[in-house]
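A look at the structure
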Amino acid sequence: MSIAEGLASIQNAIPSNVTLVAVSKTKPLEAIQEAYALGLRDFGENRAVELVEKAKALPDDIRWHAIGHLQRNKASLVAPISSLIHSVDSIRLYDELSKHSGEKLDVLIQIHIADEQNKHGFYPDDFKKILDAGDDLHSPNIKIRGLMGMATFTDNHSQITNEFKGLRTLFNEISPTMGLDFDTLSMGMSGDWKIAIDEGSTLIRVGSAIFGSRN
Ligand SMILES: *Cc1c(COP(=O)(O)O)cnc(C)c1O
């Protein structure tokens, strides 16, 4: 399938309130330019250096999404060029980003919903405790726009459904205390974006279903 076909099949299937972020990690500039020429403006990268290099080389009106685990020593590189950082997974990273965020930085809090040790993020109960304690996450430079989560890599449909449901439930539960800009629920990738949308995703991060598999 070509990039145009991959894109069209997703764009035709998603509701208008869902944002499609094309995950271009490991893919060359030409692939991004091809999707850009087709009208796409939201691109996702998971490595800081690759994100910086691509942002430098490509048009300024691209909205870059930093989607992967971000090391604190890369915060100063990524914050100024990202339109949304999806992967705030510790208070320490949040605090570091606040030092480099300029006027206002939009971020998502990554929540650990998968039945896997190697995925990053706050556990739901831990995050609720942090909010209840009220001591952290108050930088005037950072706006928490919502939550992000990755489901377990599995064929088990009902497990994926339950994990996304859990994230949606947490989102609904905390959103009254998070303000009007708390409007983004980033969940769903190539293998599970349909399930994610059924469970209330507002933003899907899709790589291989658009650009083909990564080496
Ligand atoms: C790579 C990646 C994606 C996209 O994965 P595909 O399965 O290729 O769609 C989405 N989100 C994150 C955080 C990723 O690292």
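Up top is the structure these notes are about.
This write-up is about the structure you can find in this document. (Residues numbered from 1 in each chain as written. Predicted model: local features only at pLDDT ≥ 70, side-chain atom pairs only at ≥ 80, totals over all residues. Heavy atoms only, no water.)

**Regarding the overall build of the protein**
Each helix and strand in the protein was counted, giving nine helices and eight strands. In terms of overall dimensions, the protein is globule-like: its C-alpha atoms have a radius of gyration of 17 Å, near the 17 Å expected for 215 residues. With the C-alpha coordinates aligned to their principal axes, the bounding extent of the protein is approximately 50 × 40 × 30 Å. Going through the 215 residues of the protein one by one, you find that 52% of them count as buried. By sequence separation, contacts in the protein at least 24 residues apart represent 54% of the contacts at least 6 residues apart. Carbon and sulfur atoms make up 48% of the accessible area of the protein, which totals about 10,600 Å². Distance between charge centres in the protein, computed from 22 positive and 29 negative side chains, equals 2 Å. (Helix = DSSP H or I, 4+ residues; strand = E, 2+ residues; numbered from the N terminus. Rg over C-alpha atoms; globule rule 2.2 N^0.38 Å. Buried < 20%, exposed > 50% of the residue type's maximum accessible area, 1.4 Å probe, protein only. Contact = heavy atoms within 4.5 Å. Areas by Shrake-Rupley, 256 points an atom, 1.4 Å probe, with all protein chains shown as cover. Lys, Arg positive; Asp, Glu negative; His and termini not counted. Charge placed at Lys NZ, Arg CZ, Asp CG, Glu CD.)

**Concerning the side chain of Lys54**
Relative to the elements of secondary structure, Lys54 occurs in helix 3 (residues 48-57). In this structure the side chain of Lys54 is engaged in a polar contact, spanning 2.9 Å, whose partner is the side chain of Glu45. Looking at Lys54, its side chain comes within polar contact range of the side chain of Glu50, at 2.7 Å. Sequence-distant contacts of Lys54, defined by excluding residues within four places in its chain, comprise Ser24, Lys25, Thr26, Lys27, Leu29, Ile32, Glu45 and Trp64. (Polar contact = N/O pair within 3.5 Å; in protein donor to acceptor, adjacent residues only side chain to side chain.)

**Description of the pairing of strand 8 (residues 203-206)**
The alternating pattern of strand 8 places Leu203 and Arg205 and Ile204 and Val206 on opposite faces, both of which are buried. Pairing between strand 1 (residues 19-23) and strand 8: four bridges, direction parallel. Counted as the bridge partner of Ala22 is Val206 from strand 8. (Pairing = 2+ DSSP bridges.)

**Quick notes on the side chain of Asp192**
Looking at the element boundaries, Asp192 is found in the loop between strand 7 (184-186) and helix 8 (193-198). Buried and without a salt bridge, Asp192 has Arg205 as its closest oppositely charged side chain, separated by 6.6 Å. (Salt bridge = Lys/Arg side-chain N within 4 Å of Asp/Glu carboxyl O.)

**Quick look at unusual backbone geometry**
Apart from glycine, the bulk of residues carry a negative phi angle, and the bulk of peptide bonds sit in the trans form. Here Thr26, not a glycine, exhibits a phi torsion of approximately 70°, which is positive. When you line up the elements, Thr26 lands in the loop between strand 1 and helix 2 (29-37). The phi angle at Leu137 is positive, at roughly 65°, despite the residue not being glycine. Take Leu137: it is sitting in the loop between helix 6 (124-133) and strand 6 (142-149). Residue Leu137 is classed as buried on the basis of its relative accessible area of 12%.

**As for the site of the ligand**
Taken together, the neighbourhood of the ligand is formed by Val23, Lys25, Ile67, Met148, Met150, Met189, Ser190, Arg205, Val206, Gly207, Ser208 and Arg214. Separating a nitrogen atom of the ligand from a side-chain N or O atom of Arg205 is a distance of 2.9 Å. Take Gly207: an N or O atom from its main chain is 2.8 Å from an oxygen atom of the ligand. Among the cavities detected, the one that contains the ligand is the largest pocket. (Near = heavy atom within 4 Å. 1 Å grid on protein atoms, 1.4 Å probe; cavity = no way out; pocket = protein on both sides within 12 Å on 5 of 7 lines; lining within 4 Å. Sits in = over half its atoms within 2 Å of the grid points.)

**What to know about the layout of surface pockets**
In this model, the largest pocket occupies a volume close to 490 Å³. Along the lines of polarity and charge, the residues of the lining of the largest pocket split into eight nonpolar, eight polar and six charged. Along its surface, the second largest pocket is lined by 16 residues, and Leu137, His138, Ile144, Thr177 and Met178 are the ones closest to its centre. It is strand 6 that contributes the most residues to the lining of the second largest pocket, three residues altogether. (Points joined across faces, edges and corners; volume = space filled by probe spheres on them. Nonpolar A, V, L, I, M, F, W, Y, C, P; charged D, E, K, R; others polar.)

**With respect to the nonpolar core**
In this structure, Phe43, Leu97 and Leu147 are the most contacted members of the largest nonpolar core, which totals 61 residues. Ignoring any residue separated from it by four or fewer positions in sequence, one finds Leu147 in contact with Leu108, Ile109, Ile111, Phe127, Leu167, Leu170, Phe171, Ile174, Phe182, Thr184, Leu185 and Ser186. (Core = buried A, V, L, I, M, F, W, Y, C linked by side-chain atoms within 4.5 Å.)

**Re the packing of helix 6 against helix 7 (residues 157-178)**
Contact geometry for helix 6 and helix 7: axes closest at 12 Å, N-to-C directions at 10°. If you check the angle between helix 6 and helix 7, you find them roughly parallel. In this structure, helix 6 contributes Pro124, Phe127, Lys128 and Leu131 to the contact, and helix 7 contributes Leu170, Glu173, Ile174 and Met178. Across the contact of helix 6 with helix 7, the residue classes break down as six nonpolar, no polar and two charged. (Axes fitted to C-alpha atoms, helices over the stretch in contact; angles between N-to-C directions. Parallel < 35°, antiparallel > 145°, perpendicular 65-115°, else oblique.)

From the geometry alone we can't say anything about function, so treat these as descriptive.
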